[in-house]
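So the chains spell out like this:
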Amino acid sequence: MARTHIITGLDIGTSTIKALVVQKRGKELEVLAQSQIPSFGVRKGAVVNIDEVEKNVQALLSEVEKLSNKRISSVFINIGGSHLYITPSDGIISVSRANQKISQEDIDRVLQAVRAVNIPTNEEILNVFPKEFIINDQKGIKEPLGLTGVRLEVRALLLCVFSPYFINLTQAVLNTKVQINDIIPSPIAAASAVLTPQQKEIGVALIDIGAATTSLVVFEEGELIHFAVFPIGSSNITNDIAIGLRTEIGIAENIKKEHGSCLLAKNKKDKASQSRKKIEIFDKSSPLVFPKKLLVDIIEPRVSEIFDLINKELKKIGRQQLLPGGVVLTGGGAKLPKIKELAKQELKLPCEIGIPGRIMGLEEDPSLATVCGLVLEGSDFGEDNPSLSKGGFWAKVWAKIKKIFKNFIP
Ligand SMILES: Nc1ncnc2c1ncn2[C@@H]1O[C@H](COP(=O)(O)OP(=O)(O)OP(=O)(O)O)[C@@H](O)[C@H]1O
Ligand SMILES: [Mg+2]
């Protein structure tokens, strides 16, 4: 009988903390529990108050433990925020074996060599994303293992984080007495939940619109080629509505979710009737009446501003209007009606809403992409990769956390 094990993902976001517990039996993933609670102590994706986050993580873990009837001892968590950035780096080594056959040890060494760059003292390299390997002078190699050569080079992207935020995040989770299996940048997790290998091969961008951050990742030939996080998200739309309609944030948030849209209808007749349509909100103090057009006129410029930032970023890497796999939108911000149409219009690329299709029952909700990605990344370990069950993988992550703690705390 296939062995089972439990995988838990914890997406610590600015507006909510989401947990997903799945049981893996063979290749099958069965959802045992999914829940979320409002988040406090996270500012623009970064943990700024350890105690608040610890309290919320503890409460959420207790809830999903009850729902799943399982004890949760380890979690896969995300890291978000505009302190995350990538920088290119190259590494080079001489192949060690006399027969010049490239071994896993050579690959590990070259990936270590790529980390030998100067970064500010309060930052750390979290991940290395190889773009291509070069053997002697042969470029564009994806799988160097077993090939022959005297010189092995790698071109990679280093993903760096601001150490204090990394420490706050890990501390808040470790204080709840669970182990951290791995820490995955939020849009990388979302991408593994919603992008197909074909899209990643031909060129695709994932845009995760969260509450306070918008993240962009671009893939081509199966590899990550760009990564950026902007400190602007769907809560900025809520703020604009509160100011534009002179109402409280809570009411503005409900208006956005219930009546919000990025565009009016296309055909003239529907557009005219939508423009005339009055929305009435019965607030406890006084009723609020406004035309639908006013709401769209508030929302559309802010969402266009987000796509404008994306366009500028795509231009930097020469991919503006040039991604055959198009763009895929995730995050709670992607639930806004007509956002797909506005994205197509602004980015001049095919666009779809990202649905975490590999996990049954959660396909409808793009805000669950990150947490789904965390468990999917987690499910790639385990049976296929015994290091997780033996604790080897955990030992590596733990060593990474300890190293960062040691570097940062005198
Ligand atoms: N139906 C909806 N229509 C419009 N916006 C929505 C809807 N549902 C949720 N949102 C918005 O999505 C945002 C929350 O998205 P998400 O859960 O992805 O953010 P987060 O992960 O907490 O934040 P971040 O990733 O920025 O740290 C909120 O601003 C919320 O208003
Ligand atoms: Mg998020």
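Residues numbered from 1 in each chain as written. Chains lettered and ligands numbered in written order. Predicted model: local features only at pLDDT ≥ 70, side-chain atom pairs only at ≥ 80, totals over all residues.

**Focus: helix α9 (residues 292-316)**
Counting along an α-helix, one turn takes 3.6 residues, and residues three or four places apart therefore face a common direction.
Okay, so step 1: Taking 1.5 Å per residue as the helical rise, α9 with its 25 residues ought to reach 36 Å, and the 36 Å between its terminal C-alpha atoms agrees with that figure.
Okay, so step 2: Among all positions in α9, only L295, V296, I298, I299, V303, I306, F307, I310 and L314 are buried.
Okay, so step 3: Phi for G318, located one or two positions after α9, is positive at around 70°. (Helix = DSSP H or I, 4+ residues; strand = E, 2+ residues; numbered from the N terminus. Expected span 1.5 Å × (residues − 1). Buried ≥ 20, exposed ≤ 12 C-beta atoms within 10 Å, placed from the backbone.)

**Overview of the sheet that holds strand β7 (residues 85-94)**
Okay, so step 1: Here we have four strands laid out as an open sheet, ordered β7-β10-β8-β9, and antiparallel in their pairing. Each having just a single partner strand, β7 and β9 (138-141) make up the two edges of the open sheet. For this sheet the average axis-to-axis angle between neighbouring strands, irrespective of direction, equals 40°.
Okay, so step 2: Looking at chain direction, strand β8 (residues 123-135) and β9 are connected through two bridges and run antiparallel. Among the inter-strand pairings, F133 is bridged to a residue of β9, identified as I141.
Okay, so step 3: Contacting β7, β8 and β10 (151-162), helix α2 (residues 104-113) runs over the sheet at an angle of about 130° to β7.
Okay, so step 4: Against the sheet, helix α3 (residues 163-174) makes contact with β8 and β10, and its axis sits at roughly 75° relative to β10, the strand it touches most. (Pairing = 2+ DSSP bridges. Axes fitted to C-alpha atoms, helices over the stretch in contact; angles between N-to-C directions. Contact = placed C-beta atoms within 7 Å.)

**Some remarks on the confidence of the model for the protein chain**
Okay, so step 1: Residue-level pLDDT values for the protein chain average 91, and 91% of them are 70 or greater.
Okay, so step 2: Long-range and interchain partners of residues 383-393, a stretch whose pLDDT sits below 50, account for nine contacts in this model, where long-range means more than four residues apart. (pLDDT = per-residue confidence, 0-100.)

**Points about α3**
Okay, so step 1: Here α3 is 12 residues long and its end C-alpha atoms lie 16 Å apart, about the 16 Å a rise of 1.5 Å per residue gives.
Okay, so step 2: When α3 is considered as a whole, its buried residues turn out to be Y165, F166, I167, L169, T170, A172 and V173.

**Points about the nonpolar core**
Okay, so step 1: With 98 residues, the main nonpolar core has A205, L206, V217, V327, L329 and C372 as its most contacted residues.
Okay, so step 2: The greatest single-element share of this core, amounting to nine residues, is contributed by α9.
Okay, so step 3: When residues of this core are sorted by domain, at least three fall in each of domain 1 (85-162) and domain 2 (229-352).
Okay, so step 4: Once you skip the residues sitting within four places of it in the chain, L329 turns out to touch I207, I209, A334, I339, K340, A343, C351, I353, G354 and P366. (Core = buried A, V, L, I, M, F, W, Y, C linked by C-beta atoms within 7 Å. Domains from an automatic or database assignment.)

**Details of the environment of E341**
Okay, so step 1: By the secondary structure assignment, E341 is in helix α10 (residues 339-347).
Okay, so step 2: For E341, a count of 14 C-beta atoms within 10 Å corresponds to the partly exposed category.
Okay, so step 3: Put simply, E341 and C351 are 10 residues apart on the chain and 7.8 Å apart in space, counted from C-alpha to C-alpha.

**Some details on the packing of helix α1 (residues 50-68) against α3**
Each packed pair of helices is defined by two parameters, the angle between the axes and the distance between the axes.
Okay, so step 1: Put simply, α1 and α3 touch, their axes get as near as 8 Å, and they point 40° apart. Comparing their axes, α3 and α1 come out oblique. Remark: the crossing between α1 and α3 carries right-handed chirality. Counting all contacts with α1, which are made through I50, V53, E54 and V57, the residues of α3 involved are N168, Q171, A172 and V173.
Okay, so step 2: Of the residues belonging to the contact of α1 with α3, the class tally is five nonpolar, two polar and one charged. (Parallel < 35°, antiparallel > 145°, perpendicular 65-115°, else oblique. Left-handed = near helix turned anticlockwise from the far one by under 90°. Nonpolar A, V, L, I, M, F, W, Y, C, P; charged D, E, K, R; others polar.)

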